[in-house]
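So you can see what is in the structure, the chains are spelled out below.
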Amino acid sequence: MVESLSWDSLDYPLQPWIQTAIEVMGFQAMTAVQASTIPLFARNKDVVVESVTGSGKTIAFVIPLLEKIISEGANSASFKKGHFHSLVITPTRELSNQIQSVINSFLAHYPDDMPPVKSQLLIGTAQKTVRDNVADFLRDRPQLLVGTPGRVLEFLQAPAVKTSSCSMVVLDEADRLLDADFFKDTESILRTLPKQRRTGLFSATISEAGQQIFKTGLRNPVKVSVNSERRGPTSLGLYYTVVRPEQKLQNLISIFNHYKFRKCLVYFPTCMSVTLFYSFLQYLQKEKKVVEQDLQIFSLYGKLQTASRTKTLDTFTETPSQAVLLTTDVAARGIDIQDVDLVIQLDPPTDTSVFLHRAGRTGRANRTGKAVTFLNEGREEDFIPFLKVKDIHLKSIEIKSEDFSLEGDFYDVFKGWILEDRARFDLSVRSYVAFIRYYSNHSASSIFRLQSLDYVGVARMYGLFRLPRMPEITRYFQDVDIKDGWIVQPPIDMDRYAYKDKKRERARLEELKNIEKINDKKKLKFELKKKNMAWSNKSQSKEAKAERKANMTLKRKAIEEQIAREEERENSELSKDWKDEVLSRKRKQMKSTNELQGSFDDL
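Residues numbered from 1 in each chain as written. Predicted model: local features only at pLDDT ≥ 70, side-chain atom pairs only at ≥ 80, totals over all residues. Heavy atoms only, no water.

Two side chains bearing opposite charge may form a pair once their charged atoms approach each other closely. Applying the stated criterion across every chain, the model contains 24 salt bridges. The residue Asp341 makes a salt bridge to Arg262 at a minimum N-O spacing of 3.2 Å. One end of the pair, Asp341, is in strand E14 (residues 340-345); the other, Arg262, is in the loop between helix H9 (248-258) and strand E11 (263-267), and 79 residues separate them in sequence. Given a relative accessible area of 14%, Asp341 falls into the buried group. For Arg367, the salt bridge goes to Asp336, with nearest N and O atoms at 3.9 Å. Pair noted here: Arg367 is in the loop between helix H12 (352-359) and strand E15 (369-376) and Asp336 is in the loop between strand E13 (323-327) and E14, with a separation of 31 residues, a long-range link. (Salt bridge = Lys/Arg side-chain N within 4 Å of Asp/Glu carboxyl O. Helix = DSSP H or I, 4+ residues; strand = E, 2+ residues; numbered from the N terminus. Buried < 20%, exposed > 50% of the residue type's maximum accessible area, 1.4 Å probe, protein only.)

Structure below.
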């Protein structure tokens, strides 16, 4: 199949206003996936679409959705209040926002003299609750809903929302929505929708979903597979470079300073590593002047509030100058940012299918792009033939090593920055522990093995001067020449290592005094054990608390929703009782009238 076709040759007659929108938005020709999918999905066919990143899958389902809303009369005044016609589900808020933006771009050309077509975004935010979403839905009466699984499921469970008119549903990044993290919510959503609906599954790696595809209620689906012989756009160059862990940050800065690009995405393994390296890079740029001064640096990760994530992504997208976004896999799927021509993966993703999604943020819509993956020396080099088996071919690239004009070694500068504030040390330790746990969960466990990881090199990369206590990996330190975890000599006096924050420092000093006052040896031993608890155990304890808090929040929400439903039911019953009372009185009145009429007839 040719890569692009004229819109005039599309085997489906488009609405005139949609044709106008296509022209104004600059889509001069269809992509192969659009030419194949639009006629099928708009003509009542279920579709399973697998196409490389940046091939135009969003347009391939947005146009059929809008076409069906018009052709099935969902835009008419007779369309019932509380009902909707189409639903799009995505794994991330950023992707939902982007799809909503594309829909709005089309609707900007919708004729004013026709009954309105509206779309509503359903994502979890601090500004809007589910009840707010339901109120907006009942007021605005949108036919098209776009959202993430958790919020969509809560929304559909509201009594005022009716699902019986839903005619079409799209799962974008379907393989992600059907994996363990989202499948329960996704399945619950699909169960609430009519079985006679049209269903579309879209992803660059839909085959990764396996047997889960058959649980989505597809009915005789047509599979559309584009460019399956090459796992990646033809305009995308895939590269790798082999480095020592402690050299990764220097090589990253060398790329910033010497390689030409407009916008760059840098993928880190965890949220905490983004926070740590963002702060340090800011320091290197502003204080040490070793990072290009005109470079704009941004950070984006899942634990940020929705408003902050949206603002950061918008600012990064719209900035006219050279810019870098440090991020996690929250920005790995579906996000289409103009002018991204470079992607760097500081570490490969634990899920191999995510590799192409990350790399595919560049080289989109036939624009040229380059994706570079850093691999640690040693066993990780086997990742290249591993990907080759999956038809993903990477070429070797050499990164220029830069001699920084710093006072002392790069690691010493990093360590010095960490020593300025104990809070930075805490963050670097948590980042290191999170990375180890991330690494241990790699799907290619025969390559990414804890036994062969350079723990000291990784610790230096994170600016650490002492290895955290982690019983899970202590057994792998036998060949490492370290004493009590210290990788620097002489050791740092941790009792004098202070927080910049005065409140935190007072609390730390108070804790030290309390320990000194303890006379009971057993109690002292317990307190010291608690103080020196392995960071991995502390992390697990915090995660357990966070999980309990999240569960309590969900229970509270469920109770609130139950109360709301009961109130609505009571109001409905009261209304019903009132109507029954009126009808009963009317019947009695009619009966007495009939009896009176009967008595006159007997005369």
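From this point on, the discussion continues.
All right, on to the confidence of the model for the protein then. With 84% of its residues at a pLDDT of 70 or more, the protein shows a mean pLDDT of 86. Taken together, the stretch residues 593-603 has pLDDT below 50 and engages in zero contacts with residues farther than four places along the chain or on a different chain. (pLDDT = per-residue confidence, 0-100. Contact = heavy atoms within 4.5 Å.)

Counting 144 residues, the largest nonpolar core has Phe106, Leu284 and Tyr432 as its most contacted members. When residues of this core are assigned to domains, at least three map to each of domain 1 (7-225) and domain 2 (238-485). With residues up to four places along the chain from it excluded, the contact list for Leu284 reads Ile253, Lys289, Val290, Val291, Phe410 and Val413. Formed by 31 residues, the second largest nonpolar core is a distinct cluster that contains Phe84, Val130, Phe183 and Leu190. (Core = buried A, V, L, I, M, F, W, Y, C linked by side-chain atoms within 4.5 Å. Domains from an automatic or database assignment.)

Strand order in this open sheet of seven strands is E5-E6-E4-E7-E8-E3-E9, and the pairing throughout is parallel. Strands with a single pairing partner mark the edges of an open sheet, and in this sheet they are strand E5 (119-122) and strand E9 (222-226). Direction aside, neighbouring strands of the sheet carry axes that sit 15° apart on average. Bridge count for strand E3 (residues 47-51) against E9 is five bridges, and the pairing is parallel. (Pairing = 2+ DSSP bridges. Axes fitted to C-alpha atoms, helices over the stretch in contact; angles between N-to-C directions.)

Bringing the environment of Asp409 into the picture now. The residue Asp409 is located in the loop between strand E16 (395-396) and helix H14 (410-419) in this model. Residue class for Asp409 comes out partly exposed when judged on its relative accessible area of 45%. Within the structure, the side chain of Asp409 is placed 3.0 Å from the backbone nitrogen of Tyr411, a separation counted as a polar contact. (Polar contact = N/O pair within 3.5 Å; in protein donor to acceptor, adjacent residues only side chain to side chain.)

This part is about the environment of Ser452. You can see Ser452 is positioned in the loop between helix H15 (422-440) and helix H16 (455-461). Judged by its relative accessible area of 42%, Ser452 is partly exposed. C-alpha separation for the pair Ser452 and Arg379, spaced 73 residues apart in sequence, amounts to 7.2 Å.

Looking down a regular strand, the side chains alternate between one sheet face and the other. Of all the five residues making up strand E7 (residues 168-172), five are buried; the element is thus mostly covered by neighbouring parts of the structure. In E7, alternate side chains face the same way, and those of Met168, Val170 and Asp172 on one face and Val169 and Leu171 on the other are all buried. Strand direction decides the pairing type here: strand E4 (residues 86-89) and E7, joined by four bridges, are parallel. Bridge pairing in E7 places Val88 opposite Val170. Of the pairings in the sheet, the one linking E7 to strand E8 (residues 198-203) comprises five bridges and is parallel in character. Across the sheet, the residue bridging to Asp172 is Phe202, located in E8.

Attention shifts here to the side chain of Thr92. Checked against the element boundaries, Thr92 lands in the loop between E4 and helix H4 (93-107). Given the relative accessible area of 14%, Thr92 is considered buried. Apart from the residues within four sequence positions on either side, Thr92 is in contact with Thr148 and Val330.

Now for the environment of Tyr432. Structurally, Tyr432 can be placed in helix H15. In this structure Tyr432 comes out as buried when scored by relative accessible area, which is 0%. Note: C-alpha distance between Tyr432 and Val458 (26 residues apart in sequence) is 7.7 Å. Ignoring sequence-local partners within four residues, the contact set of Tyr432 consists of Tyr455, Val458, Ala459, Tyr462, Leu464, Leu467, Pro468 and Met470. A polar contact of 3.2 Å, which involves the side chain of Tyr432, links it to the backbone oxygen of Tyr455.

As annotated by UniProt and renumbered to match this structure, "domain: DEAD-box RNA helicase Q" (unreviewed entry) occupies residues 7-35. This span, residues 7-35, is 45% helix and 10% strand, and a straight line between its end C-alpha atoms measures 8 Å. (UniProt positions renumbered as here; feature names shortened; annotations may be inferred.)

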